[in-house]
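Chains, contacts and geometry: an overview
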Amino acid sequence: MAISAPAASRRRVHPSRRQDTSMAYIMLAPVLILLSIFVLWPAIQAVYLSFFDWSFYTDSEFVGWKNFHDVLVDDKFWDAVLRGLQFVLMTVPVSMVLSFLVASLATSVSRRVSTVLKVSIYIPSVISGVIASITFVIIYDYSGGLLNALINIVGVPNQAWLGDPRWALAAIAVPAVWLGLGISTLIMIAAMLDIPDSFYEAAQLEGANWWQRTVYITIPQMKNVLLFLLVTGFVGSIQQFELPLVMTGGGPHGATELPNLFIFNHFRGDAYVGYSLAAALLLFVVLGTISSVIFRIVNSEKLVD
Amino acid sequence: MKRRTLLSAAAASATAAGLAACGSGTPGQQAEDPAAEGRTPVEFWGNVFTTPENAWYEKIVEDFNAAQEDIYLNYQVVPADAWDQKLKAAQAAGTAPDLYIQAGRLDTAARTGLLMPLDDLLEPDLLAGVTDPAKEISQYQGQFYGFPLLVEPQMTLYWNRDLFEQAGLDPEAPPTSWEAMYDACEALASVMGNGEFPLNTAVDSDTFGWTTVAAQMHVAGHLPISEDWSTADAEDAKYEDLITFYKTLQDEGWIPRQPLGGGNSAQAFGEKKVAMMSQGSWGMSELGADYPEVASVTGVAPWVQNDGDLTHSISTIGNMKWVVDAKAKEPEATARFISWALGGDPEVLGPFFVDTQFTKAPAREEVAEVVGADPAAADAPWSEVVFEDVVPHCIPEAQYPWDINLAMGDALQAGMLGEVSPAEALSTAQKEIQKIIDREGLAEIRAEMDA
């Protein structure tokens, strides 16, 4: 038959290719098994249990959509999501711009200076978030903190950096940016080094200045990397947990209660676990939706050499 | 693999294995103690308390393990900020300790099956000896779900006599009303430096949540929920007065805008960063142990009230109970330890109250007599204030779920910081409390509790 012949030929696979595929499955097996055990199965369980008033000590009671309804009508949940988005706006753009500037600097200075710069910028990445939180709590201390001592020098009275709702979220954003700067800078440096020198040489011959080279060559060539950093930065930032947990516990007056901390506070305080599960699943939906919107707006595309 | 790399990897693995062997797979269990061999293990979790309390817990565990050969008690200290998540994770995994220490009301935990009733585990005579205020905080539906260690008022006023004198105030006359508190703060402000304050009170939602329950009752004559737990009752003008009290203190710069430490810590007072503080009676225990110089010039009095009437609802009273997990693996052995430590020889428990500076009331009459007879009691004048001027005028802690305390704590903080007016803050609290009532079905729960 005219149609079945090419179909049959498509199904025919070269023996060496088949061997490669088998090897690929074998190589993937450990991670797939681990993901199934620690991610997939708990996720399925979470969906199932979110329909129950689930306690560790008494029989669970099926409550249908009640937990999801409770979350959806809870202003505090939506406030936490909006606060998370606000936190993303405070951290991701600043982090991207700073990383870009440091990466530009690191790729244009001598090798030795570049190494010093890369090491300095990467050090915060290996510091535990809890240690960083405690350090910044000491810096922000109301009575005796370093920051207040500094502003006292210029005559400004002590500020409640972590106790005033106007400052608290920004005060947490600072260590968040500091901790994340190393990784994003190194990724940007790698992307910048990957851009062919011939592009810049041609641009220089045409008389393009640094700004023009950055806008017309560097940024377009880094588009996929920037998109990657944007999405991972967004997800990492909105899911920030340990900084507000250690530094403020979500206060003052909920000003730093980011979505994950909101869920965690319910988990540790509620008699039943269903609400926390429903909130976590709904947060997953919200984050997934926003991430897909980002991908849609900033299309990734293959680079053409 | 190069030989050196191979050797390094082998050394690293050996080190890791060695380190792992030092610990144990069971949460909370320390390295194997030879003394534990052949004995029934009992897991016991407690918090970090004041210095003398920590020392007492360590000592009784050691003494108990040395006093008999059937049971081995493994005591683990869990910091307060990790307590909730650690206990919850252990409950989820089925590895919760047999025995742990719990502050606050037991009602929700007992109702949701987390705790084992103790009436069949402990001797009836022992339970019968518990004082009435201690019974109130240890029972649910007439059954004991925790054995009380003590009761203590959770809100008293501490003042530094030296600083009062420096500010031209009578060092023997602490304020009793809100107005008098304003006057004292105004005078003290002149002797306090940068980063120092006349007064330290709650300034965050959580601490407001548990420290102002008695004040809510005092100013309004009711708590922010109807007695049958069917409707919220937070929109009361009297509560606006309470918010305004804290707002005035804040606006005048008499209290810090950010907590100067943990809500139950006397550290800022001990370091003389504040001249007065609101704190539970345990504050004196911390001062006596860690800041003896300040303790010697410290006065303790009932906390100030709007009308200066210090004869009703001036503080909540409650605190530490020992509870047995509903899934405890060794309930009988656990009960033997409870009976030995809290219900046996009063001399075992007596030092706890003596070392904590006579600021806590024993939960058994028999122990109270032994503690009262201690010669050191005469050197603790604040003890008389705590037991005669504060304890008789206290109310029990609120029985409703913590979220309701927190809703009022949020309202107090938002109103105090001036984010919203007191009326708006209470309106939000009203909605939040009603939401909790509806979500949790609190009216049915209350009816079940009263049944």
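So, how was this worked out
- Residues numbered from 1 in each chain as written.
- Chains lettered and ligands numbered in written order.
- Predicted model: local features only at pLDDT ≥ 70, side-chain atom pairs only at ≥ 80, totals over all residues.
- Heavy atoms only, no water.
- Helix = DSSP H or I, 4+ residues; strand = E, 2+ residues; numbered from the N terminus.
- Rg over C-alpha atoms; globule rule 2.2 N^0.38 Å.
- Buried < 20%, exposed > 50% of the residue type's maximum accessible area, 1.4 Å probe, protein only.
- Contact = heavy atoms within 4.5 Å.
- Areas by Shrake-Rupley, 256 points an atom, 1.4 Å probe, with all protein chains shown as cover.
- Lys, Arg positive; Asp, Glu negative; His and termini not counted.
- Charge placed at Lys NZ, Arg CZ, Asp CG, Glu CD.
- Buried area = accessible area lost by both parts, 1.4 Å probe.
- Salt bridge = Lys/Arg side-chain N within 4 Å of Asp/Glu carboxyl O.
- Polar contact = N/O pair within 3.5 Å; in protein donor to acceptor, adjacent residues only side chain to side chain.
- Nonpolar A, V, L, I, M, F, W, Y, C, P; charged D, E, K, R; others polar.
- Pairing = 2+ DSSP bridges.
- Core = buried A, V, L, I, M, F, W, Y, C linked by side-chain atoms within 4.5 Å.
- UniProt positions renumbered as here; feature names shortened; annotations may be inferred.
- pLDDT = per-residue confidence, 0-100.
- Phe/Tyr/Trp six-rings, centres within 6.5 Å; stacked < 30°, edge-to-face > 60°.
- Arc of directions from axis to C-beta.

Concerning the overall build of chain A
- When helices and strands are tallied, chain A shows 14 helices and two strands.
- The C-alpha atoms of chain A give a radius of gyration of 25 Å, which is well past the 19 Å a tight globule of 305 residues would have.
- Along the first, second and third principal axes, the C-alpha atoms of chain A reach 75 × 65 × 30 Å.
- Evaluated residue by residue, chain A yields a buried proportion of 39% over its 305 residues.
- Across chain A, the fraction of contacts at a sequence separation of at least 24, relative to all contacts at a separation of at least 6, is 68%.
- For chain A, the accessible area works out to roughly 17700 Å², and carbon and sulfur atoms hold 68% of it.
- Taken together, the 17 basic and 19 acidic charged side chains of chain A have centroids lying 13 Å from each other.

Quick look at the interface of chain B and chain A
- If you look at the interface, chain B gives 32 residues, while chain A gives 30 residues.
- When chain B packs against chain A, close to 2700 Å² is buried across both sides, 52% of that on carbon and sulfur atoms.
- Among the residues chain B hides against chain A, the three largest losses belong to K88(B), Q258(B) and R439(B). Together they make up 26% of the total.
- Across the contact surface, chain B and chain A share five salt bridges.
- Counting across the chain B and chain A interface gives 16 residue pairs in polar contact (both at pLDDT 80 or more).
- Sorting the residues of the side of chain B that touches chain A by element identifies α3 (80-93), α19 (402-417) and α20 (422-440) of chain B as the ones contributing at least two each.
- At six residues, α3(B) tops the list of elements feeding residues into the side of chain B that touches chain A.
- Split into classes, the residues belonging to the side of chain B that touches chain A amount to nine nonpolar, 10 polar and 13 charged.

Re unusual backbone geometry
- The backbone phi angle of H253(A) is positive, close to 50 degrees, even though this residue is not glycine.
- Relative to the helices and strands, H253(A) is located in the loop between α12 (242-247) and α13 (259-269).
- Its relative accessible area of 29% is what places H253(A) among the partly exposed residues.
- Of note in this structure, F358(B) is not a glycine but carries a positive phi near 60 degrees.
- Topologically, F358(B) is positioned in the loop between α16 (346-355) and β14 (361-362).
- The exposure class of F358(B) is buried, given its relative accessible area of 6%.

With respect to the sheet that holds strand β7 (residues 150-153) of chain B
All names here are of chain B.
- Reading across the sheet, the four strands line up as β14-β7-β12-β15 and stay open at both edges, with mixed pairing between neighbours. Each of the sheet's edge strands pairs with one partner strand only, and the pair in question is β14 and β15 (394-396).
- Pairing between β7 and β14: two bridges, direction antiparallel. Across the sheet, V151 pairs through a bridge with A361, a residue of β14.

What to know about the nonpolar core
- In this structure, M181(B), F245(B), Y246(B), L249(B), M276(B) and W303(B) are the most contacted members of the largest nonpolar core, which totals 81 residues.
- Counting residues in hydrophobic clusters, the runner-up holds 71 residues, among them I71(B), M284(B), V300(B) and A333(B).

Brief notes about the UniProt feature "domain: ABC transmembrane type-1" (unreviewed entry) in chain A
- The positions that UniProt labels "domain: ABC transmembrane type-1" (unreviewed entry) are, in the present scheme, residues 81-294 of chain A.
- Taken end to end, residues 81-294 of chain A is 76% helix and 0% strand, and its first and last C-alpha atoms sit 17 Å apart.

A short note on the confidence of the model for chain A
- Mean pLDDT over chain A stands at 87; residues scoring 70 or higher make up 93%.
- Per-residue pLDDT stays below 50 along residues 1-9 of chain A; that stretch engages in zero contacts with residues further than four places along the chain or on separate chains.

A closer look at the UniProt feature "transmembrane region" (unreviewed entry) in chain A
Residue and element names in this part refer to chain A.
- Here, the residues flagged by UniProt with the feature "transmembrane region" (unreviewed entry) are residues 21-44, 87-107, 119-140, 167-193, 214-238 and 272-298.
- Spanning residues 119-140, this segment combines 68% helix with 0% strand, and its end C-alpha atoms are found 26 Å apart.
- Between the first and last C-alpha atoms of residues 167-193 the distance is 38 Å; the span itself is 100% helix and 0% strand.

Regarding the environment of K327(B)
- Tracing the backbone through its elements, the reader meets K327(B) in the loop between β13 (321-324) and α15 (331-341).
- Here K327(B) is in contact with F56(A) and Y57(A), once residues within four sequence places are set aside.

Regarding the packing of aromatic side chains
Residues and elements named next belong to chain B.
- Counted by the stated rule, this structure contains 42 aromatic pairs over all chains.
- The interplanar angle of 65 degrees and the centroid separation of 5.6 Å between the aromatic rings of F44 and F337 together place this pair among those described as edge-to-face. Taken together, the positions of F44 in strand β1 (residues 40-46) and F337 in helix α15 put the pair 293 residues apart, joining distant regions of the chain. Assigned by exposure class, F44 and F337 land together as buried.
- Arranged with centres 4.9 Å apart and planes meeting at 65 degrees, the rings of W56 and F352 form a pair that is edge-to-face.

Regarding the side chain of R439(B)
- The topology assignment puts R439(B) in helix α20.
- In this structure R439(B) comes out as buried when scored by relative accessible area, which is 10%.
- A polar atom in the side chain of R439(B) sits 3.3 Å from the side chain of D403(B).
- The contacts of R439(B), once residues within four sequence positions are left out, are K66(A), D70(A), D74(A), H266(A), Y275(A) and D403(B).

Some details on the pairing of strand β10 (residues 274-279) of chain B
Residue and element names in this part refer to chain B.
- Within β10, six of the six residues are buried, leaving the element largely enclosed by the surrounding structure.
- Summarising the sheet, strand β8 (residues 156-160) and β10 pair through four bridges and their orientation is antiparallel. Within β10, the position partnered with Y158 by the bridge is M277.
- Where strand β9 (residues 197-200) meets β10, three bridges bridge the pair, whose relative direction is parallel.

Comments concerning helix α6 (residues 129-139) of chain A
Residue and element names in this part refer to chain A.
- Of the positions making up α6, those classed as buried are G129, A132, S133 and F136. Projected down its long axis, α6 carries its buried residues within an arc of 100 degrees, all on one side.
- One side-chain oxygen of the residue at the start of α6 lies 3.1 Å from the amide nitrogen of V130, identifying that residue as S128.

A look at the pattern of salt bridges
- Under the criterion given, the structure shown has 21 salt bridges over all chains.
- The salt bridge involving K66(A) is made with D70(A); its shortest N-O contact spans 2.8 Å. Of this pair, K66(A) and D70(A) both sit in helix α3 (residues 66-72), four residues apart, which is roughly one turn of that helix.
- Judged by its relative accessible area of 30%, K66(A) is partly exposed.
- Linking R446(B) and D450(B) is a salt bridge whose minimum nitrogen-to-oxygen distance equals 2.6 Å. With R446(B) and D450(B) both in helix α21 (residues 442-450), this residue pair falls four residues apart, about one helical turn.
- With relative accessibility at 12%, the residue R446(B) sits in the buried group.
- A relative accessible area of 51% means that D450(B) is categorised as exposed.
- Shared partners join several salt bridges into a network, and the residues in it are D74(A), K76(A), D403(B), D410(B), E432(B), K435(B), R439(B) and E440(B).

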